[in-house]
Amino acid sequence: MDEIKGKTQRTHMCGELDISDLGDEVVLMGWVHKRRDHGGLIFVDLRDRTGLVQVVSSPEVDMKAYEEAEKIRGEYVISVVGKVQKRPEGTMNEDLNTGEIEVYITEMNILNRANTPPFTPAEGGKVDEMVRLKYRYIDLRRREMQDIISLRHRVFKSIRDFLDRDGFREIETPMLTRSTPEGARDFLVPSRVHPGDFFALPQSPQIFKQILMAAGMDRYFQIVRCFRDEDLRADRQPEFTQLDMEMSFVDEEDIIDVVERLMYHVFLEALGVELSIPFPRMKHHEAISKYGLDRPDLRYALELMDITSIAADVDFKVFSQVVRNGGVVKGINAKGCGDYSRKDIDDLTEYIKQFGAKGLAWMVVSNEGVKSPISQSF
């Protein structure tokens, strides 16, 4: 114990302790997640980015440490020295990796006191988003947020590992450049040295990639920050990160092969999920025909069904006129929805108008026959 007493260097992370550490003397540092005073024993859930561990302070073990434990409150930052012991029968917590053990404190130091926070990491998911953003440093202490950040790290690391082994070179390109005639608007940065002139933040490293290819860097990649001064989209914001890759002397199959193997590797390393490759392939015209867009979610079961041959000669001009003008008529077979009430259909009609539709032509097909306002036209 002499070599641990007074020690200031952390020896273990909180969430990494387990039954194999029984009897070890450890130094832990982290945040007070919860504190429970049971009169004669003070239990503290100590938290760092790896998880929680229960530490116990008893006056019979160390009175000075116990007196310090009486002072601490939620979100205090503390260091403890103690011995790993097995929890008594009936007190184990199966929800924690450290649920079989606890650490009996022989020394405690308060590293940083905390005011009462507006919310705690444990309740953060139930707090209004604007409050969480205002106190972002507390929100980022939540396990959910830290898991997301850790996942991002694992994804980036697995990308770099794979592409390095596949002969790619990671090359950083400039952030301050000149404006280029691309689709989106640039963010501009004024130049102090040249008044009236501006740098542009890159929408993507396109020009630099082309320079690198011409220079002989035939396999390049960059996990790069991009900037676009444009309206928000569902999958795009003013600044975002993308993986940029360029390859020389390749064809379409080479590119597909690298990307498939890369995705296989990333999912396996970052998520522990093994994908099946090669991926299913679909021609562009098939995707548009079946799903109406070129990036379909194949879990979506309501494929578009071509009924142009049926609709060509009907009296319903909304359909027949489209066919005469060279267009197509398609429908969706919504199986299991035949019991929709008229109100359900009216509500659905109003809903689709938000997306540009002018109305909804519908038919209910059942054992009793066909029910529809336009059935007589067929």
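Residues numbered from 1 in each chain as written. Predicted model: local features only at pLDDT ≥ 70, side-chain atom pairs only at ≥ 80, totals over all residues. Heavy atoms only, no water.

Visitor: For the environment of Glu100, give the residues involved together with the corresponding values.
Guide: Position of Glu100 relative to the elements: it lies in the loop between β4 (77–86) and β5 (101–112). Given the relative accessible area of 39%, Glu100 is considered partly exposed. Along the primary structure Glu100 and Gly39 are separated by 61 residues, whereas in three dimensions their C-alpha atoms are 23 Å apart. Glu100 has contacts with Ile19, Gln85, Lys86, Arg87 and Met92, leaving out every residue within four places of it along the chain. (Helix = DSSP H or I, 4+ residues; strand = E, 2+ residues; numbered from the N terminus. Buried < 20%, exposed > 50% of the residue type's maximum accessible area, 1.4 Å probe, protein only. Contact = heavy atoms within 4.5 Å.)

Visitor: Just give me the short version of the sheet that holds β5, but keep the residues and values in it.
Guide: One closed barrel accounts for five strands, arranged β1-β2-β3-β5-β4; its pairing is mixed. Strand-to-strand, the axes of this sheet are offset by a mean angle of 55°, without reference to chain direction. Note that strand β1 (residues 25–37) and β4 share seven bridges and pair antiparallel. Among the inter-strand pairings, Val27 is bridged to a residue of β4, identified as Val81. (Pairing = 2+ DSSP bridges. Axes fitted to C-alpha atoms, helices over the stretch in contact; angles between N-to-C directions.)

Visitor: Now, about helix α1 (residues 63–71): what can you tell me, with residues and values included?
Guide: Structural remark: α-helix, 3.6 residues per turn; residues separated by three or four positions point the same way. Within α1 the residues assigned to the buried category are Ala65, Tyr66, Glu68 and Ala69. Buried positions in α1, seen along its axis, are confined to an arc of 160° and lie on one side of it. In this fold, the buried residues of α1 make contact with β1, β2 (42–48), β3 (51–57) and β5. Its side-chain oxygen at 3.1 Å from the backbone nitrogen of Lys64, Asp62 defines the N-terminal cap of α1. (Arc of directions from axis to C-beta. Polar contact = N/O pair within 3.5 Å; in protein donor to acceptor, adjacent residues only side chain to side chain.)

Visitor: Give a description of a nonpolar patch on the surface that names residues and reports values.
Guide: A cluster of nonpolar side chains, namely Ile310, Met363, Val365, Val370 and Phe378, defines an oily patch on the protein surface of about 480 Å² accessible area. Phe378 gets classed as partly exposed once you look at its relative accessible area, which sits at 40%. (Patch = residues over 30% accessible without salt bridge, like charges linked within 9 Å, V, L, I, M, F, W, Y side chains within 5 Å. Areas by Shrake-Rupley, 256 points an atom, 1.4 Å probe, with all protein chains shown as cover. Salt bridge = Lys/Arg side-chain N within 4 Å of Asp/Glu carboxyl O.)

Visitor: Explain the packing of aromatic side chains residue by residue, including any values.
Guide: In the structure shown here, the tally under the stated rule is two aromatic pairs. Geometrically, the ring pair formed by Phe316 and Phe319 is edge-to-face, given 5.0 Å between the ring centres and 85° between the ring planes. Here Phe316 matches Phe319 in class, with each residue buried. For the ring pair Tyr351 and Phe355, a centre distance of 5.2 Å and an interplane angle of 70° mean the geometry is edge-to-face. (Phe/Tyr/Trp six-rings, centres within 6.5 Å; stacked < 30°, edge-to-face > 60°.)

Visitor: Give a description of unusual backbone geometry that names residues and reports values.
Guide: A negative phi holds for most residues other than glycine; trans holds for most peptide bonds. Looking along the chain, the bond that leaves Ile277 and enters Pro278 is cis, with omega of 5°. In this structure, Pro278 sits in the loop between α6 (252–271) and α7 (284–291).

Visitor: Tell me about the environment of Asp18, and name the residues and values.
Guide: Along the polypeptide, Asp18 turns up in the segment before β1. Judged by its relative accessible area of 30%, Asp18 falls in the partly exposed class. Spatially, the C-alpha atoms of Asp18 and Lys86 are 9.3 Å apart, while their sequence positions differ by 68 residues. Here Asp18 is in contact with Asn97 and Ile101, once residues within four sequence places are set aside. Looking at Asp18, its side chain comes within polar contact range of the side chain of Ser20, at 2.4 Å.

Visitor: Go over the nonpolar core, please, and point to the residues and values.
Guide: Counting residues in each nonpolar core, the largest one holds 23 residues, and the members touching the most others are Leu28, Val53, Val55 and Ile78. Within the residue set of this core, elements represented by two or more residues are β1, β2, β3, α1, β4 and β5. With residues up to four places along the chain from it excluded, the contact list for Leu28 reads His12, Met13, Leu17, Leu46, Val53, Val55, Ile78, Ser79, Val80 and Val103. (Core = buried A, V, L, I, M, F, W, Y, C linked by side-chain atoms within 4.5 Å.)

Visitor: Which residues make up the sheet that holds strand β9 (residues 219–227), and what are the values?
Guide: Strand order in the open sheet made by the three strands is β6-β9-β10, with mixed pairing throughout. Pairing within the sheet leaves two strands with one partner each, and these edge strands are β6 (169–170) and β10 (239–247). Relative to β9, β6 is paired through two bridges, and the arrangement is parallel. When the sheet's bridge partners are listed, Arg169 is paired in β9 with Tyr220. Packed on one face of the sheet, helix α4 (residues 143–165) meets β6, β9 and β10 and runs near 150° to β9. Strand contacts of helix α5 (residues 206–214): β9 and β10, with the helix running at about 20° to β10, the strand carrying the most contacts.

Visitor: Please provide a residue-by-residue account of the side chain of Lys209, values included.
Guide: Looking at where Lys209 falls in the secondary structure, it is placed in helix α5. For Lys209, a relative accessible area of 6% corresponds to the buried category. Here the side chain of Lys209 touches Glu246 through a polar contact of 3.5 Å, side chain to side chain. Ignoring anything within four residues of it in the chain, the contact list for Lys209 reads Tyr220, Asp244 and Glu246.

Visitor: Before we move on, could you go through the pattern of salt bridges and cite the residues and values that matter?
Guide: Per the counting criterion, the structure on display carries 26 salt bridges. Across the salt bridge formed by Arg47 and Glu75, the nearest N and O atoms sit 3.0 Å from each other. Linking Arg47 in strand β2 with Glu75 in the loop between α1 and β4, this pair joins segments that are 28 residues apart in sequence. Side by side, Arg47 and Glu75 carry an identical accessibility label, which is buried. Note that Arg136 is salt-bridged to Asp139, the shortest N-O span being 2.8 Å. Of this pair, Arg136 and Asp139 both sit in helix α3 (residues 136–139), separated by three residues, roughly a single helical turn. Owing to a relative accessible area of 0%, Asp139 belongs among the buried residues under this scheme.

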